[in-house]
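Listed below, chain by chain, are the residues.
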Amino acid sequence: MTEGSPETGPAAAKQPRPAADEAASWLGTDSPIIKVLGAVVAPATALTAIFFYFGWSRAFWFYDYLGVDSTLLGLTTQDYVFLSVDGLFVPLVTAACVGLAVLVLRWVRTRLGIRVTPAPRVLVPLMVAAGLMLLLNGVSRIFGETIFNRQLAIAPLSLAAGVLLLVYTPRLTRIARPRWVTVLELAVVLVLVGMSLFWAANDYSAAVGRSRAREFVSQLSRAPAVVVYSAHGLSLQHVPGIRRTRCEDPDTAYRFRYDGLKLVLRSGDQYLLVPADWSRAAGVALLLPQSDTLRFEFSPASVRATTRPPSC
């Protein structure tokens, strides 16, 4: 080996890689770190978006029952994701149970060597007719309600069942089909069944929102009682169920007191209140901001109004 010539062979191969090259290999687009982050972050972002949507749906229909637009409440992404648990619990558990049942059936069929036999010729037209009826029943919900599609999640589940039945029936006949037909069927199933399940989950989350609102109203007497003190008149005495007391003490900072309110939600610097005898037929919801001219006094529902001091 001549002086100044680069080393070759095993000795050169054992030389450590420069630190810059080592860092680039771990932080480049083909690095394992980037691949792992891409595999984790992308699904997590999609799941967050899904949870956000269903939480929004649940909140929208809950506060819509009270006559309030949920967008006025300033709910955060964390609030919506938290609310989505209530609206997605049953759909997710049901989907997981169905998936588990399918896997168990396939395992049993494989262990026992059960083969799918061709369907009788008489059964195939009946299955196709049933699939078309289910498909049409699901699609009809888009154009209007009928006695067959107005029940909760019936329309989207009918659509999904109809698509699956129409796609599965030809397979029982064992008729050879081009590969592009199989690929097209798979794409149609993924799109329509996926959208149907999304539709069903959305219907359920909306129904949960309305149901929770009705439950809240029925138990309104158990909600925390609120007394609002104000430096200026709020004209709330005209709302049924709210009592106004004018404070006579000239040194008090709050001139008016309003009783007969219940707390629904505190979001940010706003309080959503309703009268204690609120009803959907003649109920009014109040959204009051937190400010220096207002003071809110809260007490458990078990504390009766007569036990509070009548003065300001």
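Residues numbered from 1 in each chain as written. Predicted model: local features only at pLDDT ≥ 70, side-chain atom pairs only at ≥ 80, totals over all residues. Heavy atoms only, no water.

Trainee: Break down a nonpolar patch on the surface for me, citing the residues and quoting the values.
Mentor: Residues W180, L184, V188, V191, L192 and M195 make up a contiguous nonpolar surface patch of about 590 Å² in total accessible area. Residue M195 is classed as exposed on the basis of its relative accessible area of 54%. (Patch = residues over 30% accessible without salt bridge, like charges linked within 9 Å, V, L, I, M, F, W, Y side chains within 5 Å. Areas by Shrake-Rupley, 256 points an atom, 1.4 Å probe, with all protein chains shown as cover. Salt bridge = Lys/Arg side-chain N within 4 Å of Asp/Glu carboxyl O. Buried < 20%, exposed > 50% of the residue type's maximum accessible area, 1.4 Å probe, protein only.)

Trainee: Pulling in residues and values, what's your account of helix α5 (residues 123–143)?
Mentor: For α5, with 21 residues, the first-to-last C-alpha span of 31 Å sits near the 30 Å given by 1.5 Å per residue. Among the residues making up α5, those that are buried are V124, M127, G131, N137 and G138. Along α5, the residues classed as buried sweep out an arc of 160° about the axis, all on the same side. Exposed positions of α5 whose direction lies more than 90 degrees from the buried face are L126, M133, L136 and F143. (Helix = DSSP H or I, 4+ residues; strand = E, 2+ residues; numbered from the N terminus. Expected span 1.5 Å × (residues − 1). Arc of directions from axis to C-beta.)

Trainee: Account for unusual backbone geometry, naming residues and giving values.
Mentor: Phi is positive for A153, which is not a glycine, with a value near 65°. Structurally, A153 can be placed in the loop between α5 and α6 (154–172). Residue class for A153 comes out buried when judged on its relative accessible area of 11%. Of note in this structure, S235 is not a glycine but carries a positive phi near 60°.

Trainee: Any details on the layout of surface pockets? Residues and values, ideally.
Mentor: Rolled over the atoms, a probe sized like a water molecule indicates the empty space that remains. Put simply, the largest pocket is a space of about 640 Å³. Looking at the largest pocket, it is lined by 22 residues, and the ones nearest its centre are P91, L92, A95, L197 and A201. When residues of the lining of the largest pocket are traced back to their parent elements, those giving at least two are α3 (32–65), α4 (77–112) and α7 (179–218). With 9 residues, α4 is the largest single contributor of residues to the lining of the largest pocket. (1 Å grid on protein atoms, 1.4 Å probe; cavity = no way out; pocket = protein on both sides within 12 Å on 5 of 7 lines; lining within 4 Å. Points joined across faces, edges and corners; volume = space filled by probe spheres on them.)

Trainee: Account for the pattern of salt bridges, with residues named and values stated.
Mentor: Under the criterion given, the structure shown has 5 salt bridges. Note that D86 is salt-bridged to R58, the shortest N-O span being 3.1 Å. With a gap of 28 residues between them, D86 in helix α4 and R58 in helix α3 connect regions that are remote in the sequence. On the basis of relative accessible area, D86 is assigned to the partly exposed category, the value being 24%. What makes R58 buried here is its relative accessible area of 11%. One salt-bridge network, in which partners are shared between bridges, spans R58, D86, R212 and E215.

Trainee: Any chance you could break down the environment of D269 for me, citing the residues and the numbers?
Mentor: For D269, the position within the fold is in the loop between β3 (256–267) and β4 (270–275). What makes D269 exposed here is its relative accessible area of 51%. Sequence spacing of D269 and L288 is 19 residues, and the spatial spacing of their C-alpha atoms is 8.6 Å. Beyond its immediate chain neighbours, meaning those up to four positions away, D269 contacts L288, P289 and Q290. (Contact = heavy atoms within 4.5 Å.)

Trainee: Kindly report on the packing of α6 against α7, identifying the contributing residues and their values.
Mentor: One can describe the packing of α6 onto α7 by two numbers: an axis separation of 8 Å at closest approach and a directional angle of 160°. With respect to α7, the element α6 is oriented roughly antiparallel. Read as a crossing pair, α6 and α7 show a hand that is left-handed. Side by side, α6 and α7 meet where A155, P156, L157, L159, A160, V163, L164, V167 and R171 of the first sit next to T182, E185, V189, L192, V193, S196, W199, A200 and D203 of the second. Grouping the constituent residues of the contact of α6 with α7 by class yields 13 nonpolar, 2 polar and 3 charged. (Axes fitted to C-alpha atoms, helices over the stretch in contact; angles between N-to-C directions. Parallel < 35°, antiparallel > 145°, perpendicular 65-115°, else oblique. Left-handed = near helix turned anticlockwise from the far one by under 90°. Nonpolar A, V, L, I, M, F, W, Y, C, P; charged D, E, K, R; others polar.)

Trainee: An account of the pairing of β3 is requested, with residue identities and associated values reported.
Mentor: With 11 of 12 residues buried, β3 lies mostly within the body of the structure. Inspection of the sheet shows strand β1 (residues 225–230) paired to β3 by 5 bridges, in the antiparallel sense. Bridge pairing in β3 places A225 opposite K262. Pairing analysis gives 4 bridges linking strand β2 (residues 243–246) to β3, with the strands arranged antiparallel. Opposite T245, over in β3, you have R257 as the bridge partner. In this structure, β3 lies alongside β4, joined through 6 bridges in antiparallel fashion. Counted as the bridge partner of K262 is V274 from β4. The antiparallel hairpin formed by β3 and β4 contains 2 residues in its connecting segment, where G268 sits at a positive phi of about 65°. (Pairing = 2+ DSSP bridges.)

Trainee: How would you sum up the side chain of N137? Please name residues and give values.
Mentor: As for its position among the elements, N137 is in helix α5. Setting aside anything within four residues of it in sequence, one finds N137 in contact with T146, F148, N149, I154 and S158.

Trainee: How would you summarise the nonpolar core if you had to cite specific residues and measurements?
Mentor: Counting 19 residues, the largest nonpolar core has Y63, L66 and V264 as its most contacted members. Elements represented by at least two residues in this core include exactly α3, α4, α7, β3 and β4. At 4 residues, the largest contribution of residues to this core is made by α3. Residues V226, I242, L261 and L288 belong to the second largest nonpolar core, which totals 15 residues. (Core = buried A, V, L, I, M, F, W, Y, C linked by side-chain atoms within 4.5 Å.)

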